[in-house]
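Tertiary structure, described
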Amino acid sequence: MTNPDAPYHAHIYYDPAERPAAAALRDDFGRDPAILFVGAMTDRAVGPHPIAQYEVHFLARSQDAVAALIAATGLRALVHPLTDDDLADHTTLAHWIGDPVELDVTVLDPPGGNQGIARFGGADF
C-alpha cells in the first residue's frame, strides 16, 4: 500500500483494567485532525474481535503517527488497510502493536466481498 490516501483503521483492544487508558487515547484521537472517525467503545466481543475494542479510521499517511500514539499507551491494537479483502485486511495485510489477540476469522468476508462494519450491526458512520 503505497498510496498515502489509502484508507486504514486500527482496532484498539482493552480489558476492564485498561479501559481508562483506552478512553483517554480515544479522547486524544477525537481531537486529532488526522483521524477521520473514532468509533464507540465496545465493551464486548463483536465480529472477529473477541474482546472489548474500538476503532479509529485514518489515511495511510498517518499510520506511523497513529501507531506511535497507540504504542505509547501500552495497549494492544490491530492496524490494517481497508481493501476489498476483509480476511487479508485482518491477517496478512495487518500488523499488531503489542500482543496479538486471536481473531475469529470465520466471520470475515471472502476476498472481493468486503461488507464492512454494517454486517456486524449498527455503525456510527
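What counts as what
- Residue numbering note: each chain is counted from 1, following its sequence as written.
- In keeping with the model being predicted, local features are shown solely for residues with a pLDDT of at least 70 and side-chain atom pairs are shown and tallied solely at 80 or more, while totals for entire chains, interfaces and linings include all residues.
- To obtain the side-chain values, all non-hydrogen atoms of the structure were used and water was disregarded.
- Helix and strand definitions follow DSSP, with helices as H or I runs of at least four residues and strands as E runs of at least two, each counted in order from the N terminus.
- Working definition: with a 1.4 Å probe on protein chains only, accessible area under 20% of the residue-type maximum means buried, over 50% means exposed, and in between means partly exposed.
- By the convention used here, residues are in contact when the closest approach between their heavy atoms is within 4.5 Å.
- Where accessible areas are quoted, they stem from the Shrake-Rupley method and a 1.4 Å probe; at the residue level, only the protein chains shown are allowed to cover.
- Grouping buried Ala, Val, Leu, Ile, Met, Phe, Trp, Tyr and Cys residues that are joined through side-chain atoms within 4.5 Å yields what is termed a nonpolar core.
- Strands qualify as paired when DSSP identifies two bridges or more between them.
- Pairing of aromatic rings covers Phe, Tyr and Trp, the last through its six-membered ring, and needs centres within 6.5 Å; plane angles under 30 degrees mean stacked, over 60 mean edge-to-face, and all others mean tilted.
- Expected helix span is given by 1.5 Å per residue-to-residue step, counting one fewer step than there are residues.
- Throughout, the arc means that of the directions going from the helix axis to the C-beta atoms.

Attention now goes to the overall build of the chain. The helix and strand tally for the chain stands at three helices and five strands. Tracing the chain from N to C terminus, the helices and strands come up as β-α-β-β-α-β-α-β. The buried share of the chain, reckoned over its 125 residues, is 39%. Counting only contacts in the chain whose residues sit at least 6 apart along the sequence, the fraction spanning at least 24 positions is 62%. About 6,400 Å² of surface is accessible on the chain, with carbon and sulfur atoms providing 55% of the total.

Right, let's get into the nonpolar core. By size, the foremost hydrophobic cluster in this structure holds 22 residues, and its most contacted members are Ile12, Phe29, Tyr54, Phe58 and Ile70. Contributing elements (two or more residues each) for this core: strand 1 (7-13), helix 1 (19-30), strand 3 (53-59), helix 2 (63-73) and strand 4 (76-81). Contacts of Tyr54, omitting those with residues within four sequence positions, involve Ala10, His11, Ile12, Tyr14, Ala22, Leu25, Arg26, Phe29, Gly39, Ala40 and Met41. Tyr13, Leu78, Ala94 and Val101 belong to the second largest nonpolar core, which has five residues in total.

Let us now look at the pairing of strand 4. With five of its six residues buried, strand 4 lies for the most part within the structure. By the bridge criterion, six bridges tie strand 1 to strand 4 in an arrangement that is antiparallel. By the bridge assignment, Tyr8 is partnered in strand 4 with Pro81. Bridge count between strand 4 and strand 5 (residues 95-97): three bridges; the pairing is antiparallel. Across the sheet, the residue bridging to Leu78 is Trp96, located in strand 5.

With that settled, consider the packing of aromatic side chains. The final tally for this structure, using the stated rule, is three aromatic pairs. Considering the side-chain rings of Tyr14 and Tyr54, the 6.4 Å spacing of their centres and the 45 degrees angle between planes classify their relative orientation as tilted. Highlighted residues: Tyr14 in the loop between strand 1 and helix 1 and Tyr54 in strand 3, separated in sequence by 40 residues. Neither residue differs from the other here; Tyr14 and Tyr54 are each classed as buried.

Below, the discussion takes up helix 1. For helix 1, with twelve residues, the first-to-last C-alpha span of 16 Å sits near the 16 Å given by 1.5 Å per residue. Within the sequence span of helix 1, burial applies to Ala22, Leu25 and Phe29. Buried residues of helix 1 fall within an arc of 65 degrees about the axis and therefore sit on the same side. Of the exposed residues in helix 1, the ones pointing more than 90 degrees away from its buried face are Pro20 and Gly30. Turning to helix 1, the residues buried within the fold contact strand 1, strand 2 (35-38), strand 3 and helix 2.

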